[in-house]
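Below, each chain spelled out in residue letters.
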Amino acid sequence: MFVLIKAAFNQGFNTFVYVFYTQAAACLLLVPIAVLRERENIKSMSFRLLFKLFLCALLGNTFSINLLDVALKYTSATVQSTISNSKPVVTFFLALLLRMEVVKLRSSHGIAKVTGIVLCLAGVLVVAFFTGPALSPVNHHRAFHASHTSSDLTSRVTWIKGTFLKLLGDITWSLWIIFQAALLKEYPNRMLVTVTQCVFSTAQTFVVAVVAERDMTRWKLGLDISLLSILYTSFVVSGVSNYLIVWCMEMKGPVFLAIWFPLCFVLTMFCSSFFLGEVIHVGSILGGIFLTAGLYSVLWAKSKETMVEPCTEVNMTESAQEEEEERKPEENQRKVREEHEDDVPASAVEQV
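Taking an unreviewed UniProt entry as the reference, the chain is identified by name as WAT1-related protein belonging to Urochloa decumbens. One UniProt comment on the chain, placed under Subcellular location (unreviewed entry), says "Membrane". According to the UniProt record, the Sequence similarities (unreviewed entry) comment for the chain reads "Belongs to the drug/metabolite transporter (DMT) superfamily. Plant drug/metabolite exporter (P-DME) (TC 2.A.7.4) family."

A. Region of the structure containing the state of the cysteines. Counted under the stated rule, the structure contains zero disulfides. Left unpaired, Cys198 is separated from the closest cysteine sulfur, that of Cys27, by 3.4 Å.

B. Up close: the layout of surface pockets. Reported here for the second largest pocket is a volume of approximately 210 Å³. Every residue lining the second largest pocket is listed: Val89, Val90, Phe93, Leu94, Ile117, Cys120, Leu121, Val124, Leu167 and Ile171. Looking at the lining of the second largest pocket, the elements that each hand over two or more residues are α5 (87-97), α6 (108-129) and α8 (156-186).

C. Highlighting the nonpolar core. Counting 15 residues, the largest nonpolar core has Val79, Ile83, Val124 and Leu291 as its most contacted members. Of all the secondary-structure elements, those providing two or more residues to this core are α4 (77-83), α5, α6, α8 and α13 (282-351). The element best represented in this core is α5, accounting for five residues. Setting aside its immediate chain neighbours within four residues, Val79 contacts Val127, Trp159, Thr163 and Ser284. Among the nonpolar cores identified, the runner-up in size contains twelve residues, and Ile5, Val17, Tyr21 and Leu72 belong to it.

D. A look at helix α2 (residues 15-37). The terminal C-alpha atoms of α2 lie 33 Å apart, and with 23 residues this matches the ideal 33 Å at 1.5 Å per residue to within 8%. Most pronounced at Leu30, the bend in α2 amounts to some 30 degrees, and the proline Pro32 follows within four residues. Looking at where α2 begins, the residue whose side-chain oxygen comes 2.8 Å from the main-chain nitrogen of Phe16 is Asn14.

E. Seen up close, the environment of Thr75. One can find Thr75 in the loop between α3 (47-74) and α4. When the C-alpha atoms of Thr75 and Lys166 are compared, they prove to be 9.2 Å apart, with 91 residues separating the residues in sequence. A distance of 2.7 Å separates a polar atom in the side chain of Thr75 from the backbone oxygen of Ala71.

F. Representation of the pattern of salt bridges within the structure. Evaluated as defined, the whole model comprises three salt bridges. A salt bridge links Glu186 to Lys52, with the shortest nitrogen-to-oxygen separation between them at 2.8 Å. With a gap of 134 residues between them, Glu186 in helix α8 and Lys52 in helix α3 connect regions that are remote in the sequence. For Lys52, a relative accessible area of 25% gives the class partly exposed. For the salt bridge of Glu213 with Arg218, the shortest nitrogen-to-oxygen distance reads 3.3 Å. By relative accessible area, Glu213 is classed as buried at 8%. A relative accessible area of 39% places Arg218 in the partly exposed class.

Rules used throughout
Residues numbered from 1 in each chain as written. Predicted model: local features only at pLDDT ≥ 70, side-chain atom pairs only at ≥ 80, totals over all residues. Heavy atoms only, no water. UniProt positions renumbered as here; feature names shortened; annotations may be inferred. Disulfide = S-S within 2.5 Å. 1 Å grid on protein atoms, 1.4 Å probe; cavity = no way out; pocket = protein on both sides within 12 Å on 5 of 7 lines; lining within 4 Å. Points joined across faces, edges and corners; volume = space filled by probe spheres on them. Helix = DSSP H or I, 4+ residues; strand = E, 2+ residues; numbered from the N terminus. Core = buried A, V, L, I, M, F, W, Y, C linked by side-chain atoms within 4.5 Å. Buried < 20%, exposed > 50% of the residue type's maximum accessible area, 1.4 Å probe, protein only. Contact = heavy atoms within 4.5 Å. Expected span 1.5 Å × (residues − 1). Bend = angle between axes of the 7 residues up to and from the residue. Polar contact = N/O pair within 3.5 Å; in protein donor to acceptor, adjacent residues only side chain to side chain. Salt bridge = Lys/Arg side-chain N within 4 Å of Asp/Glu carboxyl O.

Here you go:
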(Lines give C-alpha, C1' and ligand atoms only; values in the text may rest on other atoms or scores of the structure.)
Protein backbone atom coordinates (compact mmCIF):
# COMPACT_ATOMS: atom_id res chain seq x y z
CA MET A 1 0.00 0.00 0.00
CA PHE A 2 2.75 2.48 0.92
CA VAL A 3 4.58 1.81 -2.35
CA LEU A 4 1.48 2.19 -4.54
CA ILE A 5 0.35 5.41 -2.81
CA LYS A 6 3.84 6.88 -3.07
CA ALA A 7 3.94 6.00 -6.78
CA ALA A 8 0.62 7.83 -7.30
CA PHE A 9 1.90 10.92 -5.46
CA ASN A 10 5.14 10.86 -7.45
CA GLN A 11 3.04 11.24 -10.60
CA GLY A 12 1.53 14.43 -9.18
CA PHE A 13 -1.83 13.13 -7.92
CA ASN A 14 -3.35 15.38 -5.22
CA THR A 15 -3.23 13.80 -1.76
CA PHE A 16 -6.58 15.22 -0.59
CA VAL A 17 -8.41 14.07 -3.75
CA TYR A 18 -6.79 10.65 -3.30
CA VAL A 19 -8.15 10.34 0.26
CA PHE A 20 -11.67 11.22 -0.94
CA TYR A 21 -11.56 8.60 -3.69
CA THR A 22 -10.38 5.87 -1.31
CA GLN A 23 -13.10 6.69 1.23
CA ALA A 24 -15.76 6.77 -1.49
CA ALA A 25 -14.59 3.43 -2.88
CA ALA A 26 -14.64 1.91 0.62
CA CYS A 27 -18.24 3.14 0.99
CA LEU A 28 -19.20 1.40 -2.26
CA LEU A 29 -17.84 -1.82 -0.77
CA LEU A 30 -19.19 -1.57 2.79
CA VAL A 31 -22.58 0.21 2.54
CA PRO A 32 -24.41 -2.56 0.57
CA ILE A 33 -23.09 -5.18 3.01
CA ALA A 34 -24.25 -3.11 6.01
CA VAL A 35 -27.70 -2.53 4.50
CA LEU A 36 -28.18 -6.25 3.91
CA ARG A 37 -26.89 -7.38 7.29
CA GLU A 38 -27.90 -4.55 9.66
CA ARG A 39 -31.10 -3.24 8.11
CA GLU A 40 -33.12 -3.48 11.32
CA ASN A 41 -30.39 -2.19 13.65
CA ILE A 42 -29.95 1.10 11.77
CA LYS A 43 -33.09 2.50 13.45
CA SER A 44 -31.53 2.00 16.89
CA MET A 45 -28.82 4.62 16.22
CA SER A 46 -29.62 7.84 18.09
CA PHE A 47 -28.70 11.37 17.03
CA ARG A 48 -26.18 11.57 19.89
CA LEU A 49 -24.47 8.40 18.69
CA LEU A 50 -24.36 9.70 15.11
CA PHE A 51 -22.76 12.94 16.32
CA LYS A 52 -20.06 10.97 18.17
CA LEU A 53 -19.44 8.88 15.05
CA PHE A 54 -19.18 12.08 13.02
CA LEU A 55 -16.46 13.38 15.37
CA CYS A 56 -14.65 10.02 15.32
CA ALA A 57 -14.68 10.02 11.51
CA LEU A 58 -13.36 13.59 11.50
CA LEU A 59 -10.50 12.63 13.80
CA GLY A 60 -9.55 9.12 12.68
CA ASN A 61 -10.34 9.14 8.96
CA THR A 62 -10.43 12.68 7.64
CA PHE A 63 -7.75 14.41 9.71
CA SER A 64 -5.46 11.45 10.39
CA ILE A 65 -5.42 9.94 6.88
CA ASN A 66 -4.90 13.34 5.21
CA LEU A 67 -1.97 14.00 7.55
CA LEU A 68 -0.44 10.60 6.83
CA ASP A 69 -0.74 11.01 3.07
CA VAL A 70 0.81 14.49 3.10
CA ALA A 71 3.63 13.06 5.23
CA LEU A 72 4.11 10.25 2.69
CA LYS A 73 4.38 12.82 -0.11
CA TYR A 74 7.09 14.70 1.83
CA THR A 75 9.16 11.63 2.78
CA SER A 76 9.33 8.05 1.50
CA ALA A 77 7.43 4.78 1.78
CA THR A 78 10.23 3.36 3.96
CA VAL A 79 9.95 6.20 6.49
CA GLN A 80 6.16 5.83 6.67
CA SER A 81 6.44 2.11 7.32
CA THR A 82 9.27 2.64 9.82
CA ILE A 83 7.38 5.12 11.99
CA SER A 84 4.22 2.98 11.81
CA ASN A 85 5.93 0.73 14.37
CA SER A 86 5.35 3.50 16.91
CA LYS A 87 1.53 3.19 16.74
CA PRO A 88 1.15 0.64 19.59
CA VAL A 89 3.64 2.58 21.72
CA VAL A 90 1.91 5.90 21.04
CA THR A 91 -1.47 4.33 21.83
CA PHE A 92 -0.12 3.01 25.13
CA PHE A 93 1.40 6.39 26.01
CA LEU A 94 -1.90 8.20 25.34
CA ALA A 95 -3.80 5.59 27.36
CA LEU A 96 -1.30 6.25 30.17
CA LEU A 97 -1.99 10.01 30.02
CA LEU A 98 -5.75 9.32 30.06
CA ARG A 99 -5.24 7.03 33.09
CA MET A 100 -6.41 3.98 31.20
CA GLU A 101 -3.01 2.34 31.75
CA VAL A 102 -0.77 2.13 34.84
CA VAL A 103 3.03 1.98 35.03
CA LYS A 104 4.68 0.43 38.09
CA LEU A 105 8.26 1.69 37.93
CA ARG A 106 9.44 -0.77 40.58
CA SER A 107 8.52 -3.76 38.42
CA SER A 108 10.42 -5.10 35.42
CA HIS A 109 7.47 -4.68 33.04
CA GLY A 110 6.98 -1.08 34.21
CA ILE A 111 10.62 -0.26 33.40
CA ALA A 112 10.21 -2.01 30.02
CA LYS A 113 7.20 0.18 29.18
CA VAL A 114 9.11 3.39 29.89
CA THR A 115 12.13 2.07 27.96
CA GLY A 116 9.90 1.33 24.98
CA ILE A 117 8.54 4.90 24.94
CA VAL A 118 12.08 6.35 25.11
CA LEU A 119 13.35 4.06 22.31
CA CYS A 120 10.35 4.98 20.18
CA LEU A 121 11.03 8.70 20.57
CA ALA A 122 14.73 8.12 19.85
CA GLY A 123 13.84 6.25 16.65
CA VAL A 124 11.65 9.09 15.37
CA LEU A 125 14.41 11.65 16.09
CA VAL A 126 17.00 9.50 14.29
CA VAL A 127 14.77 9.18 11.21
CA ALA A 128 14.10 12.93 11.17
CA PHE A 129 17.56 14.37 11.84
CA PHE A 130 20.09 11.69 10.86
CA THR A 131 20.44 10.66 7.22
CA GLY A 132 23.65 8.66 7.13
CA PRO A 133 25.22 6.99 4.11
CA ALA A 134 22.93 5.99 1.24
CA LEU A 135 22.48 2.39 0.15
CA SER A 136 22.30 1.47 -3.50
CA PRO A 137 18.78 0.64 -4.77
CA VAL A 138 17.97 -3.01 -5.36
CA ASN A 139 16.63 -2.22 -8.84
CA HIS A 140 17.85 0.84 -10.78
CA HIS A 141 15.05 0.46 -13.36
CA ARG A 142 11.87 1.72 -11.72
CA ALA A 143 8.62 -0.15 -12.33
CA PHE A 144 6.58 3.03 -11.62
CA HIS A 145 7.86 6.06 -13.50
CA ALA A 146 7.47 9.40 -11.74
CA SER A 147 7.17 12.94 -13.02
CA HIS A 148 9.44 13.98 -10.14
CA THR A 149 11.28 11.89 -7.60
CA SER A 150 10.75 13.10 -4.08
CA SER A 151 13.71 11.09 -2.80
CA ASP A 152 16.07 13.25 -4.88
CA LEU A 153 14.37 16.63 -4.64
CA THR A 154 13.02 16.61 -1.11
CA SER A 155 14.79 19.21 0.99
CA ARG A 156 15.97 18.50 4.50
CA VAL A 157 13.32 20.81 6.03
CA THR A 158 10.56 19.08 4.06
CA TRP A 159 11.86 15.69 5.17
CA ILE A 160 11.78 16.69 8.85
CA LYS A 161 8.33 18.21 8.40
CA GLY A 162 7.04 15.02 6.79
CA THR A 163 8.51 12.85 9.57
CA PHE A 164 6.77 14.78 12.34
CA LEU A 165 3.55 15.00 10.31
CA LYS A 166 3.65 11.21 10.18
CA LEU A 167 4.14 11.06 13.95
CA LEU A 168 1.27 13.53 14.47
CA GLY A 169 -0.92 11.43 12.19
CA ASP A 170 -0.11 8.31 14.21
CA ILE A 171 -0.93 10.16 17.45
CA THR A 172 -4.28 11.22 15.98
CA TRP A 173 -4.92 7.66 14.81
CA SER A 174 -4.11 6.32 18.29
CA LEU A 175 -6.54 8.79 19.88
CA TRP A 176 -9.16 7.59 17.43
CA ILE A 177 -8.53 3.97 18.46
CA ILE A 178 -8.99 4.88 22.15
CA PHE A 179 -12.18 6.87 21.53
CA GLN A 180 -13.58 4.17 19.24
CA ALA A 181 -12.95 1.50 21.88
CA ALA A 182 -15.04 3.54 24.34
CA LEU A 183 -17.69 4.09 21.66
CA LEU A 184 -17.96 0.36 20.92
CA LYS A 185 -18.71 -0.27 24.60
CA GLU A 186 -21.66 2.10 24.28
CA TYR A 187 -22.83 0.68 20.93
CA PRO A 188 -21.20 -2.72 20.26
CA ASN A 189 -22.09 -3.03 16.57
CA ARG A 190 -18.77 -3.01 14.72
CA MET A 191 -20.29 -3.10 11.24
CA LEU A 192 -22.54 -0.05 11.70
CA VAL A 193 -19.86 1.88 13.58
CA THR A 194 -17.35 1.28 10.77
CA VAL A 195 -19.72 1.97 7.89
CA THR A 196 -21.23 5.10 9.45
CA GLN A 197 -17.78 6.57 10.00
CA CYS A 198 -16.86 5.70 6.41
CA VAL A 199 -19.93 7.56 5.09
CA PHE A 200 -19.21 10.61 7.26
CA SER A 201 -15.52 10.65 6.29
CA THR A 202 -16.44 10.46 2.59
CA ALA A 203 -18.49 13.66 2.91
CA GLN A 204 -15.80 15.33 5.05
CA THR A 205 -12.91 14.43 2.75
CA PHE A 206 -14.93 15.66 -0.25
CA VAL A 207 -15.22 19.11 1.35
CA VAL A 208 -11.47 19.12 2.14
CA ALA A 209 -10.57 18.01 -1.40
CA VAL A 210 -12.78 20.67 -3.03
CA VAL A 211 -11.15 23.39 -0.94
CA ALA A 212 -7.62 22.07 -1.56
CA GLU A 213 -7.94 21.29 -5.28
CA ARG A 214 -10.36 23.47 -7.26
CA ASP A 215 -9.01 22.46 -10.67
CA MET A 216 -11.46 19.67 -11.55
CA THR A 217 -9.25 18.46 -14.40
CA ARG A 218 -6.85 17.08 -11.77
CA TRP A 219 -9.69 14.95 -10.36
CA LYS A 220 -9.80 12.78 -13.47
CA LEU A 221 -8.79 9.15 -13.13
CA GLY A 222 -7.18 7.18 -15.90
CA LEU A 223 -5.94 3.64 -16.35
CA ASP A 224 -2.74 4.31 -14.45
CA ILE A 225 -1.07 3.73 -11.09
CA SER A 226 -3.39 6.21 -9.34
CA LEU A 227 -6.49 4.14 -10.13
CA LEU A 228 -4.69 0.91 -9.17
CA SER A 229 -3.59 2.47 -5.88
CA ILE A 230 -7.13 3.66 -5.02
CA LEU A 231 -8.68 0.26 -5.82
CA TYR A 232 -5.98 -1.60 -3.90
CA THR A 233 -6.22 0.64 -0.82
CA SER A 234 -10.03 0.58 -0.78
CA PHE A 235 -10.77 -3.07 -1.51
CA VAL A 236 -7.68 -5.07 -0.57
CA VAL A 237 -6.54 -3.04 2.46
CA SER A 238 -9.88 -1.72 3.76
CA GLY A 239 -11.70 -4.94 2.86
CA VAL A 240 -9.62 -8.11 2.86
CA SER A 241 -6.73 -6.93 5.05
CA ASN A 242 -8.92 -5.42 7.79
CA TYR A 243 -11.02 -8.59 7.89
CA LEU A 244 -7.88 -10.71 8.31
CA ILE A 245 -6.65 -8.35 11.05
CA VAL A 246 -9.91 -8.72 13.01
CA TRP A 247 -9.81 -12.51 12.51
CA CYS A 248 -6.20 -12.64 13.71
CA MET A 249 -6.99 -10.54 16.80
CA GLU A 250 -9.91 -12.80 17.70
CA MET A 251 -7.74 -15.92 17.29
CA LYS A 252 -4.48 -14.79 18.92
CA GLY A 253 -5.07 -11.36 20.47
CA PRO A 254 -3.70 -7.86 19.74
CA VAL A 255 -0.20 -8.54 21.08
CA PHE A 256 0.36 -11.38 18.60
CA LEU A 257 -0.83 -9.10 15.80
CA ALA A 258 1.47 -6.22 16.78
CA ILE A 259 4.52 -8.52 16.93
CA TRP A 260 4.49 -8.72 13.13
CA PHE A 261 4.50 -4.93 12.52
CA PRO A 262 8.29 -4.73 11.91
CA LEU A 263 7.93 -7.20 9.04
CA CYS A 264 5.99 -4.49 7.20
CA PHE A 265 9.00 -2.18 7.58
CA VAL A 266 11.37 -4.76 6.06
CA LEU A 267 9.06 -5.58 3.11
CA THR A 268 8.29 -1.91 2.40
CA MET A 269 11.99 -1.02 2.42
CA PHE A 270 12.70 -3.75 -0.15
CA CYS A 271 9.65 -2.97 -2.34
CA SER A 272 10.21 0.81 -2.34
CA SER A 273 13.81 0.25 -3.38
CA PHE A 274 12.86 -2.33 -6.03
CA PHE A 275 9.76 -0.71 -7.57
CA LEU A 276 10.32 3.01 -6.89
CA GLY A 277 14.10 3.10 -6.96
CA GLU A 278 14.13 4.92 -3.61
CA VAL A 279 17.49 5.48 -1.97
CA ILE A 280 17.51 3.90 1.48
CA HIS A 281 19.64 5.72 4.06
CA VAL A 282 21.32 4.19 7.08
CA GLY A 283 19.47 6.69 9.30
CA SER A 284 16.10 5.19 8.31
CA ILE A 285 17.33 1.67 9.08
CA LEU A 286 18.83 2.73 12.43
CA GLY A 287 15.64 4.58 13.36
CA GLY A 288 13.64 1.50 12.38
CA ILE A 289 15.77 -0.62 14.72
CA PHE A 290 15.10 1.78 17.62
CA LEU A 291 11.38 1.86 16.87
CA THR A 292 11.21 -1.93 16.61
CA ALA A 293 13.08 -2.32 19.90
CA GLY A 294 10.68 0.13 21.55
CA LEU A 295 7.69 -1.76 20.16
CA TYR A 296 8.92 -5.14 21.39
CA SER A 297 9.79 -3.67 24.79
CA VAL A 298 6.23 -2.45 25.32
CA LEU A 299 4.75 -5.69 23.94
CA TRP A 300 6.94 -7.77 26.27
CA ALA A 301 5.83 -5.64 29.22
CA LYS A 302 2.18 -6.02 28.28
CA SER A 303 2.49 -9.80 27.91
CA LYS A 304 4.24 -10.07 31.31
CA GLU A 305 1.58 -7.86 32.87
CA THR A 306 -1.24 -10.02 31.55
CA MET A 307 0.54 -13.11 32.92
CA VAL A 308 1.06 -11.57 36.37
CA GLU A 309 -2.49 -10.28 36.83
CA PRO A 310 -4.24 -13.66 36.50
CA CYS A 311 -1.67 -15.20 38.85
CA THR A 312 -2.31 -12.55 41.50
CA GLU A 313 -6.05 -13.04 41.11
CA VAL A 314 -5.65 -16.80 41.57
CA ASN A 315 -3.44 -16.28 44.64
CA MET A 316 -5.93 -13.83 46.14
CA THR A 317 -8.75 -16.32 45.52
CA GLU A 318 -6.77 -19.18 47.09
CA SER A 319 -5.81 -17.10 50.13
CA ALA A 320 -9.40 -16.01 50.57
CA GLN A 321 -10.53 -19.64 50.44
CA GLU A 322 -7.86 -20.64 53.00
CA GLU A 323 -8.92 -17.84 55.34
CA GLU A 324 -12.53 -18.90 55.00
CA GLU A 325 -11.61 -22.53 55.78
CA GLU A 326 -9.62 -21.39 58.83
CA ARG A 327 -12.57 -19.35 60.07
CA LYS A 328 -15.01 -22.25 59.76
CA PRO A 329 -13.75 -24.24 62.83
CA GLU A 330 -13.74 -21.06 64.95
CA GLU A 331 -17.30 -20.24 63.93
CA ASN A 332 -18.40 -23.81 64.67
CA GLN A 333 -16.82 -23.67 68.13
CA ARG A 334 -18.50 -20.34 68.85
CA LYS A 335 -21.89 -21.74 67.83
CA VAL A 336 -21.39 -24.77 70.12
CA ARG A 337 -20.54 -22.46 73.07
CA GLU A 338 -23.58 -20.30 72.42
CA GLU A 339 -25.85 -23.33 72.26
CA HIS A 340 -24.33 -24.64 75.50
CA GLU A 341 -24.89 -21.31 77.25
CA ASP A 342 -28.50 -21.30 76.07
CA ASP A 343 -29.02 -24.85 77.42
CA VAL A 344 -27.63 -24.09 80.94
CA PRO A 345 -30.39 -21.65 82.06
CA ALA A 346 -33.05 -24.04 80.75
CA SER A 347 -31.76 -26.98 82.87
CA ALA A 348 -31.49 -24.76 85.91
CA VAL A 349 -35.15 -23.78 85.57
CA GLU A 350 -36.14 -27.41 85.30
CA GLN A 351 -34.26 -28.21 88.52
CA VAL A 352 -36.03 -25.41 90.40
